[in-house]
Amino acid sequence: MTSSEVHRGISALTLSTRDMARAVAFYQTLGFRLDYGGPEASFSTLWAGPTALNLTTETGHAPPGFWGRAIFEVADVDAFHAAITEAGIETDFTPRDAPWMERYFHLKDPDGHELSFMTPIGNPKED
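## Concerning the overall build of the protein chain
Scanning the protein chain for helices and strands turns up three helices and eight strands. Listing every helix and strand of the protein chain by position from the N terminus yields α-β-α-β-β-β-β-α-β-β-β. Expressed as a percentage of the 127 residues in the protein chain, the buried residues total 36%. Across the protein chain, contacts joining residues at least 24 apart in sequence account for 48% of those joining residues at least 6 apart. Of the roughly 7800 Å² of accessible surface on the protein chain, a fraction of 52% belongs to carbon and sulfur atoms.

Okay, structure coming up:
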C-alpha cells in the first residue's frame, strides 16, 4: 500500500493553551471560524479552510515550547498581513519572498506557538 493510498492529509492540528478565551479570540481575529467549544470550553475546534485547528486546556503538562511551525496558505499574504496588523496582531516580520517559492511571514499565538502564513509565488523577488 502506498502513502497516497493511506494518507489523505492532516485532519487537524491540536495546540495547548493556558487561556481558551484569549486563544479563541486570537484565532478568530486571524479569520479562523469557530465550530465547536468557545471561550469557556476546555476544547475548541476552529477551521482555516479545510483544516481544523483544535485548542485544548489540558493541565499537568509543561508549558508549550518550540515544537515546530504550523503553516497556513492564504490567498494574498500581503493583504492578510495588513489586515491582521491593523487588528493589533504583531508579526515577527513583514511578508518576504523565500527561495522555496512562497511569500510568507511568521507570528506567535498567545501561548508561543509559531504560525506561518504563506502564498505560493512564481518567481521570488530579490531581498
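## Details of the side chain of T45
Following the sequence through the fold, T45 ends up in strand β3 (residues 43-48). When its relative accessible area of 11% is taken as the criterion, T45 is described as buried. T45 has contacts with R33, L34, D35, Y36, A52, L53 and N54, leaving out every residue within four places of it along the chain.

## Examining the sheet that holds strand β8 (residues 114-120)
The mixed open sheet is built from four strands, whose spatial order is β5-β8-β7-β6. In the strand order of this sheet, the two ends are held by β5 (70-73) and β6 (96-98), each with one partner. With direction set aside, neighbouring strand axes in the sheet form an average angle of 35 degrees. Judged from the seven bridges that link them, strand β7 (residues 102-108) and β8 form a sheet pairing that is antiparallel. Across the sheet, L107 pairs through a bridge with L115, a residue of β8. Of the strands in this sheet, β7 and β8 are in contact with helix α3 (residues 77-86), which crosses β7 at around 25 degrees.

## Overview of the layout of surface pockets
To locate leftover empty space, one rolls a probe as large as a water molecule over the atoms. As a volume, the largest pocket reaches approximately 190 Å³. For the largest pocket, the full set of lining residues is L30, G31, F32, A48, G49, T51, I71, F72, E73, V74, F80 and F117. With three residues, β5 is the single largest residue contributor to the lining of the largest pocket. Along the lines of polarity and charge, the residues of the lining of the largest pocket split into eight nonpolar, three polar and one charged.

What counts as what
Residues numbered from 1 in each chain as written. Predicted model: local features only at pLDDT ≥ 70, side-chain atom pairs only at ≥ 80, totals over all residues. Heavy atoms only, no water. Helix = DSSP H or I, 4+ residues; strand = E, 2+ residues; numbered from the N terminus. Buried < 20%, exposed > 50% of the residue type's maximum accessible area, 1.4 Å probe, protein only. Contact = heavy atoms within 4.5 Å. Areas by Shrake-Rupley, 256 points an atom, 1.4 Å probe, with all protein chains shown as cover. Pairing = 2+ DSSP bridges. Axes fitted to C-alpha atoms, helices over the stretch in contact; angles between N-to-C directions. 1 Å grid on protein atoms, 1.4 Å probe; cavity = no way out; pocket = protein on both sides within 12 Å on 5 of 7 lines; lining within 4 Å. Points joined across faces, edges and corners; volume = space filled by probe spheres on them. Nonpolar A, V, L, I, M, F, W, Y, C, P; charged D, E, K, R; others polar.

So far we have only geometry, and geometry alone does not tell us how the molecule works.
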